[in-house]
Amino acid sequence: MDSAVSVPLPPGFQIAELSGPLIIAYLVHWGLCGSLAIQLYLYYEAFPNDRLSTKCLVYGVYTVEIAQTILITHDAFSVFGYGFGNLSALTSMHFNWLTVPIMSGFVACVGQFFYAYRIYVLSNSKIIPTLIVAVSSASMVGGLIAGAFGFIAGDMTRVNSRRISVVVGIWCGGCAVCDILIATCTTYYLAKGGSGYRQTRVLISRLIRLTIETGSITAVVALANLVLYFAFPGKTYYIISALIAPKLYANTILAVLNARIQILGGRTTYTASSDIANFLSFPTHLRAGENPTSENSSNVDVAKSITTTTALVVAEVFIRNDVDREEV
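Residues numbered from 1 in each chain as written. Predicted model: local features only at pLDDT ≥ 70, side-chain atom pairs only at ≥ 80, totals over all residues. Heavy atoms only, no water.

## A few points about the nonpolar core
1) Next: Leu22, Tyr26, Phe114, Ile132, Val168, Ile239 and Leu243 are the most contacted members of the largest nonpolar core, which has 55 residues in total.
2) Next: Of all the elements in the fold, those that place two or more residues in this core are helix H1 (16–46), helix H2 (52–80), helix H3 (87–91), helix H4 (96–123), helix H5 (127–153), helix H6 (162–192), helix H7 (198–231) and helix H8 (238–258).
3) Next: Not counting residues within four places of it along the chain, the set of residues in contact with Ile132 comprises Gln112, Ala116, Ile119, Cys178, Leu181 and Ile182. (Core = buried A, V, L, I, M, F, W, Y, C linked by side-chain atoms within 4.5 Å. Buried < 20%, exposed > 50% of the residue type's maximum accessible area, 1.4 Å probe, protein only. Helix = DSSP H or I, 4+ residues; strand = E, 2+ residues; numbered from the N terminus. Contact = heavy atoms within 4.5 Å.)

As structure tokens, then:
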């Protein structure tokens, strides 16, 4: 809700307290948008044979993120372009009611549903995934209501009313609870199914590290958003974590999918990397459209005969499409 009335800055006004968080948020958001574009390119090149549902997830999330970046860029120009020096333009809600709670809540919900499915495959239990889906859905609803209240308020410094505080707590608190639950449960189920085989141990260690890293980052950002909102009422400090949260969720989704990529002969390649690829039938070293050789097929048969249940479950979570393609 842009104001048509120009309100000049009063003498001695601490403008940095309002403009500083916005500048930082815009810069970090654009940087993460570039990172997301690189991740999407890697996914497009490496996994052309993924299932349609996975592709819809990836490209759908990226479309939402691009739309969000366009709206945020519009807001940035409204504040620091033709609204420069106008206090009303600096504090106006613009499209933040849509880009922050609504789009952020939607992308977070999609990402958490994705992780809930992974936990379901790993645990073969519906209890934890159902809990994650329920909390994530409540968080998204809280984000939708917070967006509606923000639109009505029309000013970023006037969103600390009691009713807005309640829905913001549900939105950010739900996101944090989901992220912590996802990281904890995924790590537990992966570690629980440990194996004596070196290839399986290496793969599981890699997945546990990735899960802890991605889950902890998103959880910390959600908690930071909650703390900054309640600790500094009337300030815009919370906008930093709020604007970068959806980009982090989108990047973590693609990071998990792109973890299947094997860089052969890389600087940090573990000596058993090729063994892992053969052990779990990672065909990422094959050219697009190239059929597996008889040697690769035999490796798959050997792997299936000696691997543990954990290795098979991990393979289904991360490379299910590739395994299906080889069995056809």
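Having seen it, we continue.
## Topic: the packing of aromatic side chains
Both the distance between ring centres and the angle between the ring planes are used here to describe each pair of aromatic rings.
1) Next: One pass over the full model with this rule turns up eleven aromatic pairs.
2) Next: Arranged with centres 5.5 Å apart and planes meeting at 70°, the rings of Phe77 and Tyr82 form a pair that is edge-to-face. The same class applies to Phe77 and to Tyr82, which are both exposed.
3) Next: Feature note: the residues Tyr26, Trp30 and Phe80 constitute an aromatic cluster, connected by ring pairs. (Phe/Tyr/Trp six-rings, centres within 6.5 Å; stacked < 30°, edge-to-face > 60°.)

## Thoughts on the pattern of salt bridges
1) Next: Going through the model one piece at a time under the given rule, you end up with three salt bridges.
2) Next: Residues Lys247 and Glu65 are paired through a salt bridge, measuring 2.7 Å at the closest nitrogen-oxygen approach. Linking Lys247 in helix H8 with Glu65 in helix H2, this pair joins segments that are 182 residues apart in sequence. Of the two residues examined, Lys247 and Glu65, each falls in the buried class. (Salt bridge = Lys/Arg side-chain N within 4 Å of Asp/Glu carboxyl O.)

## Some remarks on a nonpolar patch on the surface
1) Next: Together, Ile23, Leu27, Trp30, Phe80 and Phe84 give the surface a local cluster of nonpolar side chains, amounting to about 520 Å² of exposed area.
2) Next: Of the residues forming the nonpolar patch, the biggest block, three residues, is contributed by H1.
3) Next: Its location among the elements puts Leu27 in helix H1. (Patch = residues over 30% accessible without salt bridge, like charges linked within 9 Å, V, L, I, M, F, W, Y side chains within 5 Å. Areas by Shrake-Rupley, 256 points an atom, 1.4 Å probe, with all protein chains shown as cover.)

## Observations concerning the UniProt feature "transmembrane region" (unreviewed entry) in the protein chain
1) Next: UniProt marks residues 23–44, 56–74, 94–115, 127–152, 164–190, 210–231 and 237–257 with the feature "transmembrane region" (unreviewed entry), using the numbering shown here.
2) Next: With 100% helix and 0% strand, residues 23–44 has end C-alpha atoms that lie 32 Å from one another.
3) Next: Strand forms 0% of residues 94–115 and helix 91%; the C-alpha atoms that close the span are 32 Å apart. (UniProt positions renumbered as here; feature names shortened; annotations may be inferred.)

## Regarding empty space enclosed by the protein
1) Next: Applying the stated criterion across every chain yields a total of five cavities of 30 Å³ or more.
2) Next: Size it by volume and the largest cavity reaches roughly 210 Å³.
3) Next: Broken down by secondary-structure element, the contributors of at least two residues to the lining of the largest cavity are H4, H5, H6, H7 and H8.
4) Next: Taken together, the residues that form the lining of the largest cavity break down as 15 nonpolar, three polar and no charged. (1 Å grid on protein atoms, 1.4 Å probe; cavity = no way out; pocket = protein on both sides within 12 Å on 5 of 7 lines; lining within 4 Å. Points joined across faces, edges and corners; volume = space filled by probe spheres on them. Nonpolar A, V, L, I, M, F, W, Y, C, P; charged D, E, K, R; others polar.)

## Here we look at the environment of Ile72
1) Next: Considering the arrangement of structural elements, one finds Ile72 in helix H2.
2) Next: Exposure remark for Ile72: the relative accessible area of 0% places this residue in the buried category.
3) Next: Residues Ile72 and Phe95 lie 23 residues apart in sequence; the distance between their C-alpha atoms is 7.2 Å.
4) Next: Ignoring sequence-local partners within four residues, the contact set of Ile72 consists of Tyr26, His29, Thr99 and Leu243.

## Some words on the packing of H4 against H8
To describe two helices that pack against each other, one gives the angle between their axes and the distance between the axes.
1) Next: Where H4 contacts H8, the axes come no closer than 9 Å and their chain directions differ by 30°. The angle between the axes of H4 and H8 places the two elements in the roughly parallel class. The handedness of the crossing between H4 and H8 is left-handed. In contact with Asn96, Thr99, Val100, Ser104, Val107, Ala108, Gly111, Gln112, Phe114, Tyr115 and Arg118 of H4, H8 contributes Ile239, Ala242, Leu243, Ala245, Pro246, Tyr249, Ala250, Thr252, Ile253, Val256 and Leu257.
2) Next: Tallied by class, the residues present in the contact of H4 with H8 amount to 15 nonpolar, six polar and one charged. (Axes fitted to C-alpha atoms, helices over the stretch in contact; angles between N-to-C directions. Parallel < 35°, antiparallel > 145°, perpendicular 65-115°, else oblique. Left-handed = near helix turned anticlockwise from the far one by under 90°.)

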